[in-house]
Amino acid sequence: MHALTGFSLVSLLSFGYLSWDWAKPSLVADWPGEAGEQRSAAPPQPPHIIFILTDDQGYHDVGYHGSDIETPTLDRLAAKGVKLENYYIQPICTPSRSQLLTGRYQIHTGLQHSIIRPRQPNCLPLDQVTLPQKLQEAGYSTHMVGKWHLGFYRKECLPTRRGFDTFLGSLTGNVDYYTYDNCDGPGVCGFDLHEGENVAWGLSGQYSTMLYAQRASHILASHSPQRPLFLYVAFQAVHTPLQSPREYLYRYRTMGNVARRKYAAMVTCMDEAVRNITWALKRYGFYNNSVIIFSSDNGGQTFSGGSNWPLRGRKGTYWEGGVRGLGFVHSPLLKRKQRTSRALMHITDWYPTLVGLAGGTTSAADGLDGYDVWPAISEGRASPRTEILHNIDPLYNHAQHGSLEGGFGIWNTAVQAAIRVGEWKLLTGDPGYGDWIPPQTLATFPGSWWNLERMASVRQAVWLFNISADPYEREDLAGQRPDVVRTLLARLAEYNRTAIPVRYPAENPRAHPDFNGGAWGPWASDEEEEEEEGRARSFFRGRRKKKCKICKLRSFFRKLNTRLMSQRI
């Protein structure tokens with residue numbers, strides 16, 4: 001038995017916000033008439049594909065899941081489409097994005113561990129054909145707006161070199177919503193808003209959610225509906241920092257919890273941005289032959305206003321609250337609409353599904369881990385997927401109480417791993433804090449507002465749940481069903497034999513924005529690498545001599561950031 005204890009939390013720092021008067025809520029375009037929502041009898045061409053990805057939006061943070069946050073656009077699109085209620089993503093940013101664009105598990109891209117940091121010489125493997133590249137082969141025009149977070153140390157890693165005709169957005173994982181500044185530790189700050197392969201200095205000051213929706217609408221206005229379009233909108237919202245235009249905050253002025261109030265305002269602003277994109281699809285003649293996909297990238301961060309209730313866990317964990325995704329598909333082309341699908345799906349499935357919709361082909365030679373799930377979505381058929389490898393991370397801190405012996409000699413249970421096979425889910429190692437955290441509605445910090453159920457002393461390294469019967473992961477069956485544990489451990493071992501080495505290189509001082517005119521951007525090339533590395537080392541040696549105290553602070557914050565990222569606060 002594990003003791004349940006209360007949990008006290010130090011006050012979170014609240015981030016200030018600036019206001020930019022882009023569109024008052026009352027001035028947002030009205031929803032077009034229903035007459036344009038009828039399905040065409042036969043699409044004249046492959047469908048236009050609009051993929052909308054939100055950042056850190058919790059499972060509970062959408063209206064149709066009973067949230068206190070207003071999301072009328074998402075609610076309406078989902079109600080008229082197909083809600084995906086057995087849909088899985090990854091627990092943090094880079095892994096979800098890499099699996100979306102490659103159709104492969106992390107163990108097959110070398111990105112098993114953590115995220116790609118701004119100063120790491122790392123990016124999405126250059127030898128893998130991405131989803132937009134496959135769609136280009138099928139005749140699509142491809143455009144990306146928003147957050148990349150798949151590496152940029154070389155120009156070959158940039159979105160415009162990985163299959164997108166155009167790009168407007170940020171390359172790193174976390175920027176200010178107005179200034180687009182990103183600090184990767186004390187004194188390591190730079191501007192991060194790019195248009196194509198150039199720094200977009202002139203767009204600073206515009207709230208990113210609104211800027212990205214404007215750009216998406218502009219792309220639709222300038223593109224011919226006669227040519228198939230792939231539009232990937234990866235909103236920065238609702239990742240920290242918690243910033244929102246003033247008018248959206250006003251809606252939630254009675255919400256006592258400051259972090260939740262700001263977070264709710266950001267979600268509602270994002271919802272209205274989706275409304276404007278949908279309106280543009282109809283206005284410019286794309287809607288009748290379009291497929292709109294909405295997905296979150298990982299679970300909500302409960303320390304920053306998000307909520308995954310009633311699921312267990314949060315962003316950065318392999319509990320359901322970290323990997324169960326928000327998702328729906330809205331399209332006039334769906335054969336069975338206005339329903340909920342409980343077919344098992346994973347973010348890797350979008351690659352073969354969308355390539356198939358585009359009229360392209362995939363084969364076993366592509367090495368995909370995803371499945372074409374369009375018949376399951378559109379027609380309600382059974383999903384071809386029966387299992388999901390959530391991940392195997394050999395670099396994550398090994399669990400103190402795990403061992404090869406504890407894994408029946410099949411698997412070292414100290415290693416962080418998680419797998420779903422049928423109705424069974426197995427976790428080994430340290431899956432992250434396993435809390436059940438209700439929505440943060442009260443104002444006090446810390447105190448009774450948290451009402452946290454915490455497993456205070458975890459002395460185990462294997463958990464087994466019947467997710468179909470126990471979606472909230474409250475009854476661990478590992479002790480009762482050792483036969484199932486053995487089977488799933490063996491499956492983990494089989495997957496691990498196909499894994500490629502983890503790529504998680506040390507940070508390179510040459511990535512410092514000071515060497516790139518004050519902006520984050522590519523720094524490595526075959527010709528200049530050796531010379532530039534020497535210059536960077538000399539630069540930082542000089543800084544260390546003059547500011548030894550800063551060195552100590554840098555080391556401290558690097559360790560703190562690592563702990564925050566690994567959810568080991």
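All figures in this text were calculated on a predicted structure; none of them were measured in a lab.

Chemist: Is there a simple way to explain the nonpolar core in this structure?
Modeler: In summary, soluble globular proteins display a tendency toward joint burial of nonpolar side chains. In this structure, Ile 52, Leu 193, Leu 231, Phe 235 and Met 270 are the most contacted members of the largest nonpolar core, which totals 57 residues. Mapped onto this core, the elements with two or more residues apiece are strand E2 (48-54), helix H1 (72-79), helix H4 (208-222), strand E11 (229-234), helix H5 (246-251), helix H6 (258-283) and strand E12 (290-296). If you tally residues by element for this core, the top one is H6, at 13 residues. Setting aside residues up to four positions removed in sequence, Leu 231 forms contacts with Ile 49, Ile 50, Phe 51, His 143, Val 145, Ala 216, Ile 219 and Leu 220. If you look at the next biggest cluster of nonpolar residues, it comprises 52 residues, including Phe 164, Trp 350, Leu 354 and Trp 523.

Chemist: Would you take a moment to explain the environment of Pro 118 for this structure?
Modeler: Checked against the element boundaries, Pro 118 lands in the loop between helix H2 (93-102) and helix H3 (131-137). Residue class for Pro 118 comes out buried when judged on its relative accessible area of 9%. Considering only alpha carbons, one finds Pro 118 and Pro 513, 395 residues apart in sequence, at a separation of 9.9 Å. Those residues in contact with Pro 118, other than ones at most four positions away along the chain, are Phe 152, Thr 172, Asn 182, Asp 184, Ala 511, Trp 520 and Trp 523.

Chemist: Which parts of the structure should I look at to understand helix H10 (residues 482-496)?
Modeler: Residues three or four positions apart in an α-helix share a direction because the helix packs 3.6 residues into each turn. Its 15 residues give H10 an end-to-end C-alpha distance of 21 Å, which sits within 8% of 21 Å, the value for a rise of 1.5 Å per residue. Regarding H10, the residues found buried are Val 484, Val 485, Leu 488, Leu 489, Leu 492, Ala 493 and Tyr 495. Packed against the buried residues of H10 are strand E16 (387-393), strand E17 (416-421), strand E18 (424-428) and strand E20 (462-466).

Chemist: In this structure, what is going on with the packing of aromatic side chains? I would like to understand it.
Modeler: Centre-to-centre distance and the angle between the planes together describe a pair of aromatic rings. With the rule as written, the count across this model stands at 16 aromatic pairs. Taking the centre distance of 6.2 Å and the plane angle of 85 degrees together, the rings of Phe 152 and Trp 523 count as edge-to-face. Remark: Trp 523 occurs in the loop between H10 and helix H11 (529-546) and Phe 152 occurs in the loop between strand E5 (141-147) and strand E6 (166-170); sequence separation between them is 371 residues. Just as Phe 152 is buried, Trp 523 falls in that class too. On the basis of an interplanar angle of 10 degrees and a centroid distance of 5.1 Å, the ring pair of Phe 294 and Phe 328 is categorised as stacked.

Chemist: Could you clarify how one ought to interpret the sheet that holds E12 in this entry?
Modeler: In any sheet, the strands associate via hydrogen bonds between backbone groups, in a parallel or an antiparallel arrangement. Ordered in space as E10-E9-E6-E5-E11-E2-E12-E13-E3-E14, the 10 strands form an open sheet in which the pairing is mixed. The strands lining the two open edges of the sheet, one partner per strand, are strand E10 (198-199) and strand E14 (339-341). Where E6 and strand E9 (residues 194-195) come together, two bridges link them in antiparallel fashion. Residue pairing for E9: Gly 169 is matched across the bridge by His 194. Relative to strand E13 (residues 327-330), H1 is tilted by about 65 degrees, and along the sheet it contacts strand E3 (82-84), E12 and E13.

Chemist: When you look at the sheet that holds E17 in this model, what are you seeing that I'm missing?
Modeler: Spatially, E16-E17-E18-E20 is the arrangement adopted by the four strands of the open sheet, whose pairing is antiparallel. Looking at strand neighbours, the two that pair on one side only are E16 and E20, the edges of this open sheet. The average undirected angle you get between the axes of adjacent strands in this sheet is 10 degrees. One ladder, built from five bridges, connects E17 with E18; its direction is antiparallel. Bridge pairing in E18 links Arg 420 to Lys 425. Strands E16, E17, E18 and E20 of the sheet are contacted by H10, whose axis makes an angle of about 70 degrees with E18.

Rules and cut-offs
Residues numbered from 1 in each chain as written. Predicted model: local features only at pLDDT ≥ 70, side-chain atom pairs only at ≥ 80, totals over all residues. Heavy atoms only, no water. Core = buried A, V, L, I, M, F, W, Y, C linked by side-chain atoms within 4.5 Å. Buried < 20%, exposed > 50% of the residue type's maximum accessible area, 1.4 Å probe, protein only. Helix = DSSP H or I, 4+ residues; strand = E, 2+ residues; numbered from the N terminus. Contact = heavy atoms within 4.5 Å. Expected span 1.5 Å × (residues − 1). Phe/Tyr/Trp six-rings, centres within 6.5 Å; stacked < 30°, edge-to-face > 60°. Pairing = 2+ DSSP bridges. Axes fitted to C-alpha atoms, helices over the stretch in contact; angles between N-to-C directions.

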